[in-house]
Amino acid sequence: MQVVLLARLLSVGRAVLAALRGRLGALCWSLVPLSLSLPLSLPGWRDSAPRPQREQEWDDAPPTPTSVNYHFTRQCNYKCGFCFHTAKTSFVLPLEEAKRGLAMLKEGGMEKINFSGGEPFLQDRGEFVGKLVQFCKQELELPSVSIVSNGSLIRKQWFEKYGEYLDILAISCDSFDEDVNVLIGRRQGKKNHVENLHKLRQWCREYAVAFKINSVINRFNVEEDMNEQIKALNPVRWKVFQCLVIEGENSGEDALREAEKFVISDEDFDRFLDRHKDISCLVPESNQKMRDSYLILDEYMRFLNCRNGRKEPSKSILDVGVEAAIKFSGFDEKMFLKRGGKYVWSKADMKLDW
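Residues numbered from 1 in each chain as written. Predicted model: local features only at pLDDT ≥ 70, side-chain atom pairs only at ≥ 80, totals over all residues. Heavy atoms only, no water.

Under the annotation held in an unreviewed UniProt entry, the chain carries the name S-adenosylmethionine-dependent nucleotide dehydratase RSAD2 and is attributed to Prunella himalayana. The UniProt entry for the chain carries the following text under Sequence similarities (unreviewed entry): "Belongs to the radical SAM superfamily. RSAD2 family." (UniProt positions renumbered as here; feature names shortened; annotations may be inferred.)

**Focus on the packing of aromatic side chains**
Across all of its chains, the model carries 15 aromatic pairs by this definition. Taken together, a centroid distance of 6.0 Å and an interplanar angle of 90 degrees make the contact between Trp158 and Phe159 edge-to-face. Side by side, Trp158 and Phe159 carry an identical accessibility label, which is buried. Geometrically, the ring pair formed by Tyr343 and Trp345 is edge-to-face, given 5.6 Å between the ring centres and 75 degrees between the ring planes. Clustering of aromatic rings is evident, with ring pairs tying together Phe121, Trp158, Phe159, Tyr162, Trp203 and Tyr207. In this arrangement the basic side chain of Arg237 is found over the ring face of Tyr343, its NZ or CZ atom lying 3.6 Å from the centre. Positioned above the aromatic ring of Tyr294 is the side chain of Arg339, whose terminal nitrogen or guanidinium carbon lies 3.8 Å from the ring centre. (Phe/Tyr/Trp six-rings, centres within 6.5 Å; stacked < 30°, edge-to-face > 60°. Buried < 20%, exposed > 50% of the residue type's maximum accessible area, 1.4 Å probe, protein only. Lys NZ or Arg CZ within 6 Å of the ring centre and 35° of its normal.)

**Some details on helix 9 (residues 266-275)**
Those residues of helix 9 that sit buried are Phe269, Phe272 and Leu273. Along the long axis of helix 9, the arc covered by the buried residues comes to 100 degrees, so they all point the same way. Contact partners of the buried residues in helix 9: strand 5 (210-217), strand 6 (237-242) and strand 7 (282-285). (Helix = DSSP H or I, 4+ residues; strand = E, 2+ residues; numbered from the N terminus. Arc of directions from axis to C-beta. Contact = heavy atoms within 4.5 Å.)

Structure, rendered in C-alpha cells:
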C-alpha cells in the first residue's frame with residue numbers, strides 16, 4: 001500500500017513540475033522582444049507566419065485548449081490520396097516528453113485529448129498510444145480521451161489492456177465499397193477495411209468504448225448511399241468531412257499527396273448530406289467549419305495554423321509553454337463551439353447500451 005501511495009505522489013509531483021515548467025517558459029518567452037529569435041531545440045521548426053499578423057495576435061487573449069488533437073506521428077500504413085497530415089517526418093517524441101506536454105495542456109485547460117496521426121497504432125504496436133491514453137485518463141483525469149485510427153492494426157489484446165481508459169475510438173471509413181477504398185488508398189494488402197470495421201465495432205461494445213466513424217467525402221464516394229450501413233453500425237457520432245486541400249501536405253510542389261482529384265464542390269457536399277439527413281448521429285463539417293476550428297498539435301507539440309491554407313507551426317509548447325504557443329495557432333474558438341466541438345464526450349456521461 002505504501003509503495004502504491006508513493007508512486008501516486010511521485011506521479012502527481014511530476015505533473016505539477018511539468019505544469020510549472022510550462023508556465024515559467026511562457027513567462028520567459030513573453031519577455032523576449034518580438035524582433036529577437038529564440039533558438040529551438042526541436043528540429044524542423046520554421047517561423048513562417050507574417051510578422052504583422054503575429055504582433056496583432058500577441059495582443060489578443062489566448063484561447064483555451066479545451067479540445068486538442070495531438071498528431072504524435074506522421075507515419076501511416078495506408079496511402080489515402082487526400083491525407084492532409086502526411087509522412088513528412090518519422091519523428092516521435094519520447095514518451096516522457098509527450099507526457100510532460102500533455103500535463104502542461106491539462107494545466108492550461110484541456111478537457112479532451114484526441115490522439116491521431118498518421119496511424120497511432122503503428123508506434124510500438126499500439127503500446128505508445130496505449131500508455132498515453134492511460135496516463136491522460138488515470139493520472140491527468142481528463143474527462144475525454146479519444147483516438148482516430150484506420151483500425152487495421154488494432155488487436156483485441158489492446159482493448160483488454162487499455163480499453164477502460166479510452167472514451168471514444170473513431171475509425172476512418174470513407175466507403176462501404178472495397179473497390180472505392182482501393183481507389184482512395186484506404187487499404188493495405190488483402191485486408192478488408194469494411195469487415196475489420198465491424199469487428200472493431202463489436203470490440204468497442206465488449207470493452208465499453210464509444211464507437212465513432214469519420215468519413216471524408218470526395219469525388220469517389222460522393223454519390224454513395226451509406227444510410228443502411230451507418231444505421232447498422234450505430235456509432236455515437238458519424239463525422240462527415242468535406243475533402244480539404246492543405247498546401248504542402250496534399251497540394252503543391254513539396255506535397256506528398258495530390259488531393260486535387262478528390263476535391264468536391266460545396267453543392268456536391270450538400271447533396272451528400274441531404275441524402276443522409278435522417279441519420280441522427282451525423283455531424284457534418286464543411287471546409288469552412290473545419291479549417292480554423294481545430295487545435296492541431298504536431299509531432300513536435302507545435303500548434304499548426306491553417307488560416308493561410310498551409311500548416312504554419314508555432315513554437316513548441318515544450319519550449320515556450322501552452323499560453324505563448326497557442327496565440328499563434330489561428331484557432332477560432334467561436335467556430336469550434338458553433339460546429340458542436342464541445343459535446344458529451346466522456347463515456348461515463350453517455351449512458352450508452354454497449
